[in-house]
Structure formats: C-alpha cells, structure tokens
Amino acid sequence: MRATTIHAPGDIRLTDVPDPTIEAPTDAIVRVVAGCICGSDLWPYRGANPITPGSTIGHEAVGVVEEVGGDVRNIKKGDFVVIPFVHCDNTCPHCLAGMTSVCDHQGWTESGQAELVRVNQADGSLVATDGMPDDAMLPSLLTLADVMATGWHAAVSSRVQPGGTAVVIGDGAVGLCGVIAAKELGAERIVAMSRHEPRQALAREFGATHVIAERDDAGVEAVLELTDGIGADSVLECVGTDQSMKTAFRIGRPGSTVGFVGAPHGVELPVRQMFVRNVGLAGGMAPVRTYLPDLLDRVLDGRIDPGKVFDLTLPLDDVAEGYRAMDERRAIKVLLRP
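All values reported here derive from a predicted model rather than from experimental measurement.

Asks: Explain the overall build of the protein here, please?
Replies: Tallying secondary structure elements over the protein gives twelve helices and 18 strands in all. At 19 Å, the protein has a C-alpha radius of gyration in line with the 20 Å of a compact globule built from 338 residues. Within the protein, buried positions represent 54% of all 338 residues. Taking the contacts inside the protein whose residues are at least 6 apart along the sequence as the reference set, 68% of them involve residues at least 24 apart. If you sum the accessible surface of the protein, you get close to 13,900 Å²; carbon and sulfur atoms cover 49% of it. Averaging the locations of the 29 positively and 45 negatively charged side chains of the protein gives two centres separated by 4 Å.

Asks: Just to check I follow, could you spell out the sheet that holds strand 2 (residues 11-16) for this structure?
Replies: The strands making up a sheet are joined through hydrogen bonds of the backbone, oriented either antiparallel or parallel. Across the sheet, which stays open at both edges, the three strands sit in the order 2-1-4 with antiparallel pairing between neighbours. Two strands close off the open sheet at either side, each with one partner strand: strand 2 and strand 4 (55-56). Sheet topology places strand 1 (residues 2-8) next to strand 2; six bridges connect them, and they run antiparallel. Paired with Ala8 across the bridge in strand 2 is Asp11.

Asks: Just to check I follow, could you spell out the pairing of strand 18 (residues 334-337) for this structure?
Replies: Both faces of the sheet carry side chains from a regular strand, because those side chains alternate between them. In this structure, strand 3 (residues 28-37) lies alongside strand 18, joined through three bridges in antiparallel fashion. Counterpart to Ile37 in the pairing with strand 18 is Val334. Relative to strand 18, strand 17 (residues 312-315) runs parallel, the two being bridged by four bridges. Bridge pairing links Thr313 to Leu335 in strand 18.

Rules used throughout
Residues numbered from 1 in each chain as written. Predicted model: local features only at pLDDT ≥ 70, side-chain atom pairs only at ≥ 80, totals over all residues. Heavy atoms only, no water. Helix = DSSP H or I, 4+ residues; strand = E, 2+ residues; numbered from the N terminus. Rg over C-alpha atoms; globule rule 2.2 N^0.38 Å. Buried < 20%, exposed > 50% of the residue type's maximum accessible area, 1.4 Å probe, protein only. Contact = heavy atoms within 4.5 Å. Areas by Shrake-Rupley, 256 points an atom, 1.4 Å probe, with all protein chains shown as cover. Lys, Arg positive; Asp, Glu negative; His and termini not counted. Charge placed at Lys NZ, Arg CZ, Asp CG, Glu CD. Pairing = 2+ DSSP bridges.

Dropping the structure here:
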C-alpha cells in the first residue's frame, strides 16, 4: 500500500510499504476513506520528537472495514467506521472507568495517512455509522478520531459549567474544537486566545464570545481585565508548551481547573502557585472511544460541525505539501484523500 513515512525532520514521503494484515483474532483492517495531519505530527516533523527513519505516521482516519479477525463480532466487512486514535477493548477496568485511552490492551493507529490501517481490538474501538455517509459529512466524522474528542476532553477536564467563563489557549484544530465543546457544555463566556485572523473568525463561528490576541503578560492582563480581575472558571490548555501551561495557571481563578490536552514538551508545572491558589490540573491523552457515541450523535444531528477546521484538502500524493502548509501555518488542518 501507499503510506506516509517520515525519514528525518522535515522529510515526509509517500512510500510503498507492506499491507497490514490480521495479526490477532480481535483485529480489523480498514481501508482509509479520509485521513489527516495532526498538530502533534508536527512535533517529529520539526525534530522535537525522536524519529525512526522510514516509519509510517498518521493516527486519524475513517474508512470502510475490509477484513476482520475471527473473534470480531460487532464490526463487519463493509461497515463505515470512525477509528479512535487509541485502540481499546472497552471492557477492561480502566475502560469501564472511562479511561479508554489507557486500556490494558491499548493499541494505536499507526498508518492513518495511508491506504490501509490495522485496528487492534476492533469490537471495542471502532464505531460504525448507519451506512456510508455523504462526502460532505466526512470532515466532521474524521475529527471524531482525535481532535474533536480531544477538545471535548479539555472542556470536560477543566470542568466547564453552564454560565461559566472558559478560556481556550491554542488556536489549532484541538483548541477550536475546545471552543465547540465549551459552548456545548454551556459556558456563557468563551475566550479564544489567538493571533491569527482566520482562526479567530472560525473560533467566533464555533461560539467564542471574545478573542484575545496578546500573549504572555499582555495576554494574562487581557483575560484578567475581561473577567474583572477574577480569572477564568475553566482553562483549556491545547498547546503543550511551557509558555502555554504557565499562562493557563496565571489566568485560572482560585479553585479553577486547567484541562490540558496538548502533548507536553518542556513543561515545568508551577506547583507552588497551584498550591497557593488552589488551581488544579486534569486531562491528558483523550479517551476518544468514551466520548465517541455522544459526539457522533451531535455531528449527525447537525448540532456541531467540527469539520470546518479542515481548510485544506489534498490527495495523499501531496502529503508532503500538507505538512509544509501546517508547519508554516498556511493551513489549520489538512484532510488527505487516498
């Protein structure tokens, strides 16, 4: 099959690799209908994460089931499915507690930017739609594999409440989906911290009531001024840098919670500040499968349209250009069609 591979920082190629095969009776093979590039894929692309030269990359995909293992009972060949980027059995003690991203039989989507994907624990992981969806629905369904569920996790973890003030740090696809989530959970005032006009406009379309372009001290002062010096009831940290995390704790009001979903790089928590101000931290890698049924209903009912985060669609042949576009912030999120 053709698959996206990474060979060194900045070196993305489309390569012929062996087709995935059923390795365990709980597996499924899915033919990718749509995949995409994630902001977290830019960490290795920029050299911030270690790279195994020639390894496949991409963890977000939707598609049609081509083959299932002998123990798969609920998913069948021909089903159109959303693939959570972390695979799970959905029956272990951690899954039953809602932490499906930390399943005892955890697996990963390893070739989402490709023609085929092997899914561990197909029955527990995959969520099928009722028939083949319209092409127009694909972008929003694709966000459910990661970014919409991750933005939702940030909102839930930060304890967004009806009538509250939520501040979203990060204007990538996850942060923009966090704006959707904060609105759906009833926040009255939703502040998007963004310096880029197209992203600001989309944040407002998704439900942001205010946009703050300033960063660091100026950004903190702007949030405090907006909230009469009180700070945010909930902070959604959707970046993963030390700067964004420190900002999050400075703008959260005493007793608030920072919901963090940005993969942390070089972060040092201000523990003393957290202790003195009683500002908590929750979140982590999103348990996508836990949120998927609810989010799928919201997409199919038309209540949310997170697929608008895709502002560039390319054929898989042009995946290297997709990486360049996201790295240079010419695109929010790139959808790939094999």
